[in-house]
Amino acid sequence: MNQIWLDIRYALRGFVRSPLFTLIAVCSLAFGIGANAAIFSLLDQVILRYLPVKNPGALVQFKMRGQHYGNNWGMNAISYPMYRDFRDHNQVFSGMFCRFPTSTSLGYGNRTERVSAELVSGNYFPVLGVTAAGGRVLTAKDDLFENASPVVVLSYSYWQNRFAGNASIIGKSLVINGHNLTVVGVAQPGFNGMEVGDPIKLFIPIKMKPQIMPLPRGMDDRRWRWVNAYGRLKPGITRQQAQASLQPFMHSMLELEVKEPAFRNASNYTRQQFLKCWMELLPGGGGRSYLREQMTKPLWVLLGITGMVLSLACANLANLLLARATARTKEMAIRLAIGAGRRALIRQLLTESLLLSLTGAVIGVVLAYVADRILLGMYLPVENPLDAAFSPIPDLRVLAFTFGLTLLTTIVFGLVPALQSSRSDVADTLKAQAGSVVGGSHVGIRKALVAAQVGLSLLLLIGAGLFSRTLSNLRDLGPGFSPENLVGFRVDPTLNGYDATRTKLFYRQLTDSLLALPGVRLAAYSAMRILEEDEWDSSMTAEGYAAKPGQHPEPYMNAISPNYFVTLGVPLLAGRDFTAKDDKNQQHGDKPDNFVPTTVIINEKFAKKYFSGRNPIGLHLGYGSDPNTRTDMEIIGVVKDIKYTNLRDEIPPQAFVPIAADRNPYGVVMYMRTTEDPHALMSLVRQKVHALDPNLPVYDIRTTDEQIRRSLRNERLIASLSSLFGALATLLAIMGLYGVLAYMVSRKTREIGIRMALGAIRGNVIWMVMKEMLVLVGIGIVIGLPTAVGLSSLVRNQLYGLAPHDPTTLMLATASLLMIACVAGFIPALRASRIDPTRALRYE
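Values in this document were obtained by computation on a predicted structure and should not be read as measured data.

Calculation rules
Residues numbered from 1 in each chain as written. Predicted model: local features only at pLDDT ≥ 70, side-chain atom pairs only at ≥ 80, totals over all residues. Heavy atoms only, no water. Phe/Tyr/Trp six-rings, centres within 6.5 Å; stacked < 30°, edge-to-face > 60°. Buried < 20%, exposed > 50% of the residue type's maximum accessible area, 1.4 Å probe, protein only. Lys NZ or Arg CZ within 6 Å of the ring centre and 35° of its normal. Helix = DSSP H or I, 4+ residues; strand = E, 2+ residues; numbered from the N terminus. Expected span 1.5 Å × (residues − 1). Bend = angle between axes of the 7 residues up to and from the residue. Contact = heavy atoms within 4.5 Å. Pairing = 2+ DSSP bridges. Axes fitted to C-alpha atoms, helices over the stretch in contact; angles between N-to-C directions. Parallel < 35°, antiparallel > 145°, perpendicular 65-115°, else oblique. Left-handed = near helix turned anticlockwise from the far one by under 90°. Nonpolar A, V, L, I, M, F, W, Y, C, P; charged D, E, K, R; others polar. Core = buried A, V, L, I, M, F, W, Y, C linked by side-chain atoms within 4.5 Å. Salt bridge = Lys/Arg side-chain N within 4 Å of Asp/Glu carboxyl O. Patch = residues over 30% accessible without salt bridge, like charges linked within 9 Å, V, L, I, M, F, W, Y side chains within 5 Å. Areas by Shrake-Rupley, 256 points an atom, 1.4 Å probe, with all protein chains shown as cover. Lys, Arg positive; Asp, Glu negative; His and termini not counted. Charge placed at Lys NZ, Arg CZ, Asp CG, Glu CD.

### A closer look at the packing of aromatic side chains
Applying the stated criterion to the full structure yields 30 aromatic pairs. A centroid spacing of 5.0 Å and a plane angle of 85° characterise the contact between Y124 and F125, whose relative ring orientation is edge-to-face. Residue classification places Y124 among the buried positions, given a relative accessible area of 0%. Note on F125: relative accessible area 1%, which makes it buried. The ring of Y498 carries the charged tip of R502 above its face, separated from the ring centre by 3.8 Å.

Shown next as structure tokens:
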């Protein structure tokens, strides 16, 4: 330990004597390690981390594969009766539960707010192994009868933030969607439900679904897939074994379901496809997350990019250590001559490398924290800071990751220079002049490192160019209408107990109130918000279209108010818009509760695909694709194509129905077209809603420009960070290139002096150095270009409007790198051309 302490003190004195070397080495590592730690922190929280439950690796999630016959609501959903059947008839799970995420209106005291909730089965908490921090959690007794248990459990974080951790809230009632629910407990700290990225605040018995979600479909409807089912594997049972064991029972259920009255109009093709469905078991320990589905590929791509940046930083460190080792050749020889052992020298040099790495790691962790705060604020914003699902504070996993990178950097990139320096030939070194002992092996290694750095930086510049041009292509594409001065917000009076009549009246009153605001030119509303990665689709039958099996129209739907298209600025190509007269509905088919509108509007994509060569105005559509489906909705208009889910997806066939004809209206998105800055109107909007109902929350209020930026979140994240890392990588590569060229000039000072004394002109000297630079850069380009072309196919899905091997991007990245390299090489070349031959001949 005494020797190690002496090594540390000696290393610190050496760093103080070489401040420029220390600064460059530490900064290179700090940027490389910091970038990796920042992206790994996000990757860990979004993708890798398990839920804080008992043995999360034993949890599996159900996913029904194949062609379902009925309606779907949500990702990886099955029907509640199917969940119940699997729960009661399996030999592979020690327990099963189901859940459904929803939003609720919660009132307590004088405050009403919209909060996220989960409808959960009674065995939800017991199967997960989640306990109560206060009171009790839900149990099987809360799951026996509908409306038998008007109770609720709070998440720990919501209990702390909303009720200041006051235990007296247990036993009191909260008004949730107009119903009184008694708080019976608080869940354990750290557990915020199964929805990663969307912290759940309330846990409500799923039997309260009729009160919390008063939808016309009942819980026993097998044609409605809406709950997420999870199971805990018994010890010794693998996921593959459990999946195989479920299939026979699964198919027996399907055989029974296909005989139900709901299938009486289904075609043979539909029945056959339905009977081919099977159940897949997915890993469930990480929960369920739409955000994870979106960001998995971007974050892995960014981690790969930051790994390359770290490699460049480490190559820079190795270059610096080799240069320093060269300068210390005589020092090492003297120490060996007076009795120092080779192991002692290696230990000393590794200690120096470790101190540099640890310093860079500490600064890198600080940079990672700052970077994650910026990234979370820019790309994962939340309206309420207390709802933040992710934290920029590095946890033990991130710190362990950073420490591992530090050790790897020290061993891999510090050991080679240490071994090189400890192999000095003592006799030759001590009697030789500095100019003659500077070894060629070091120069070869340093040149190889620089060529590799140039190749990696070119690879990152090409990636940055591809991602930046993708973002530019999507921005130029636009949504199909003008987003300027268009603002939208959500409001849902049904969460406050409004019936259908009162809800429709509220929407009309709110529209009139908004139109009375100064600067509001137009206002309308719709059921779906466009460019929000959300969809509502339905199978349909088009009059006169002979659909082959499995090729019926399945347009993306939206229910809209009159003036919706005018407000958005979407032109009507044929026919007319909806009016107040289109609020009629009619019974569809032979189900007494199945009512549909009498009119419908389609987009031009729908018209061209299913009414090619015909005028669709006056023709009809019908919900469903069964044989002899009634086509009882008249097409009254055709509108211009606009985007639906996001800017990247192709415009789908779309159909619009009048929202006033819906017998069970729900929450809507209100749109306003303004003549002034829409941000100035947002507070007035809240006042108007408050005037109509002081207990009704307004949420998700933002301009369509902001909505577009949100829809391009992944593209902006990759483009901005890849550009930043590409610039950083180029800087590191250029620093390495400059260092090698400056060192080469220093080595050839006497040679350059002799050349100039013999009559060489300055241009020849400059070309000698620039030629060396061009060789190194050329080798790097030869390495980088084929590698970039080969690897670019891995990010094909992240690109839009250009090929992975886009020649323009390849040429621009190569030219940019070459220009920057020429500038970096010209400085030592110019310095070499100004050497005084007389002084050079005396140079050692």
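### Here we look at helix α7 (residues 239-257)
Taking 1.5 Å as the rise per residue, α7 with 19 residues should run 27 Å; its terminal C-alpha atoms sit 26 Å apart, in good agreement. At Q247, α7 shows its maximal bend, which comes to roughly 35°, and the proline P248 appears one to four places after that position. Along α7, the positions that sit buried rather than exposed are A242, L246, Q247, M250, M253, L254 and E257. As for α7, its buried residues are in contact with β1 (59-65), α3 (80-88), β3 (93-108), β11 (228-233), α8 (268-275) and β12 (278-283).

### Remarks on the pairing of strand β7 (residues 173-176)
What you see with β7 is a clean split: L174 and I176 sit on the buried side and S173 and V175 on the side with no burial. Two elements, β3 and β7, share two bridges in a ladder whose sense is antiparallel. Bridging across to β7, G107 finds its partner in V175. As paired strands, β7 and strand β8 (residues 179-187) are joined by four bridges and run antiparallel to one another. Among the inter-strand pairings, I176 is bridged to a residue of β8, identified as H179.

### Examining the packing of α3 against α7
The geometry of α3 relative to α7 is characterised by a closest axis approach of 11 Å and an angle of 140° between their N-to-C directions. One way to sum up the angle between α3 and α7 is to call them oblique. The two elements α3 and α7 meet at a crossing, and its hand is right-handed. Residues M82, D85 and F86 of α3 touch α7, and the partners they reach there are L246, F249, M250, M253, L254 and E257. For the contact of α3 with α7, the residue count by class is seven nonpolar, no polar and two charged.

### Notes on the nonpolar core
Grouped together as the largest cluster of nonpolar side chains are 117 residues, with contacts concentrated most on Y124, F125, L128, F203, L568 and L737. At 14 residues, helix α21 (residues 713-747) tops the list of elements feeding residues into this core. Contacts of L568, omitting those with residues within four sequence positions, involve F481, S482, L486, I530, I642, Y671 and R673. Counting 53 residues, the second-largest nonpolar core is a separate cluster that includes L181, V186, M208 and M279.

### Digging into the pattern of salt bridges
By the definition in use, this model includes 27 salt bridges. With its nearest N and O atoms 3.5 Å apart, the salt bridge here joins R223 to E260. Separated by 37 residues along the polypeptide, R223 in the loop between α6 (209-212) and β10 (224-225) and E260 in the loop between α7 and α8 bring together distant segments of the chain. Between R490 and E532 there is a salt bridge; the shortest N-O distance is 2.3 Å.

### Some thoughts on the environment of L415
Position of L415 among the secondary structure elements: in helix α12 (residues 396-421). Every residue in contact with L415, bar those within four places of it in the chain, is listed here: I346, L350 and T410.

### What about a negative patch on the surface?
Together, D534, E535, D537, E554, D649 and E650 make up a negatively charged patch on the protein surface. Within the fold, E650 resides in the loop between β22 (633-639) and β23 (654-658).

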